[in-house]
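Secondary and tertiary structure notes
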Amino acid sequence: MKIAIASDHGGFELKQNLIDYYQKQGKNLEDLGTYTAQSCDYPDMANKMADEILQKKADLGILICGTGIGISIAANRHKGIRAALLYDDFTAEMAHRHNNANVIVFGGRTMNFDDVLRRINIFLNAEYEGGRHQNRLDKLDM
Ligand code: RB5
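I will try to describe carefully the structure that is included in this document. Remember, predicted model here, so these are calculated numbers, not experimental data.

Section: the site of the ligand
Around the ligand sit Asp8, His9, Tyr42, Cys65, Gly66, Thr67, Gly70 and Arg109, and that is every residue in its neighbourhood. Here an oxygen atom of the ligand sits 2.8 Å away from a polar atom, N or O, in the main chain of Gly70. Notes on the ligand: free accessible area 300 Å², of which the protein chains cover 70%.

A look at the side chain of Lys15
Positionally, Lys15 belongs in helix α1 (residues 12-24). Polar contacts involving the side chain of Lys15 include one to the side chain of Asp31, which spans 2.9 Å. Beyond its immediate stretch of four places on either side in the chain, Lys15 contacts Ile5, Ala6, Ser7, Asp31, Gly33, Thr34 and Ile64.

A closer look at the nonpolar core
Residues Leu18, Ile62, Leu86, Ile104, Phe106 and Ile120 are the most contacted members of the largest nonpolar core, which totals 22 residues. Discounting chain neighbours no more than four positions away, the residues touching Ile104 are Leu60, Gly61, Ile62, Leu63, Ala84, Leu86, Ile120 and Phe123. Residues Leu32, Ile53, Leu63 and Ala74 belong to the second largest nonpolar core, which totals 18 residues.

Topic: the pairing of strand β1 (residues 3-7)
Buried residues dominate β1, accounting for 5 of its 5 residues. Alternating positions in β1 separate into two faces, Ile3, Ile5 and Ser7 on one and Ala4 and Ala6 on the other, with burial throughout. Inspection of the sheet shows β1 paired to strand β3 (residues 60-65) by 5 bridges, in the parallel sense. Counterpart to Ile3 in the pairing with β3 is Leu60. Once you follow β1 into α1 and on to strand β2 (residues 30-31), the crossover reads as right-handed.

Cut-off values and rules
- Residues numbered from 1 in each chain as written.
- Predicted model: local features only at pLDDT ≥ 70, side-chain atom pairs only at ≥ 80, totals over all residues.
- Heavy atoms only, no water.
- Near = heavy atom within 4 Å.
- Polar contact = N/O pair within 3.5 Å; in protein donor to acceptor, adjacent residues only side chain to side chain.
- Areas by Shrake-Rupley, 256 points an atom, 1.4 Å probe, with all protein chains shown as cover.
- Helix = DSSP H or I, 4+ residues; strand = E, 2+ residues; numbered from the N terminus.
- Contact = heavy atoms within 4.5 Å.
- Core = buried A, V, L, I, M, F, W, Y, C linked by side-chain atoms within 4.5 Å.
- Buried < 20%, exposed > 50% of the residue type's maximum accessible area, 1.4 Å probe, protein only.
- Pairing = 2+ DSSP bridges.
- Right-handed = clockwise from strand over helix to strand, strands pointing away.

Shown next as structure tokens:
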């Protein structure tokens, strides 16, 4: 599975830490930026990620801003993007089982590395249930 990652400055440190962690595990995350800790605009990063996912260049996106809120709002303006802010473990599971999120979102200033890593694993280990949930997802893109 190809995973892309992007953040604004508020999520930069967490993004770098995740990239480093996965690299040590032998897995490369595709880094869409931002590439420095300098202030930037989260919609630009969300738009980049939306293009990546919608053009099927990556299977899953990880987006990070300070709270995860702004970058979620921006990503979800793109038809076909289902960005879910994984604010706890239960949500991490449901975001896959029920929402089949194609982008998962975290807050670099509101969440710690261990919690984020655990939620990524919970999300990846869960399976989309389809059925009645697919009817609902279809209505999102009407
Ligand atoms: C940037 O200062 C901050 O507003 C942004 O990272 C994010 O938290 C917005 O929702």
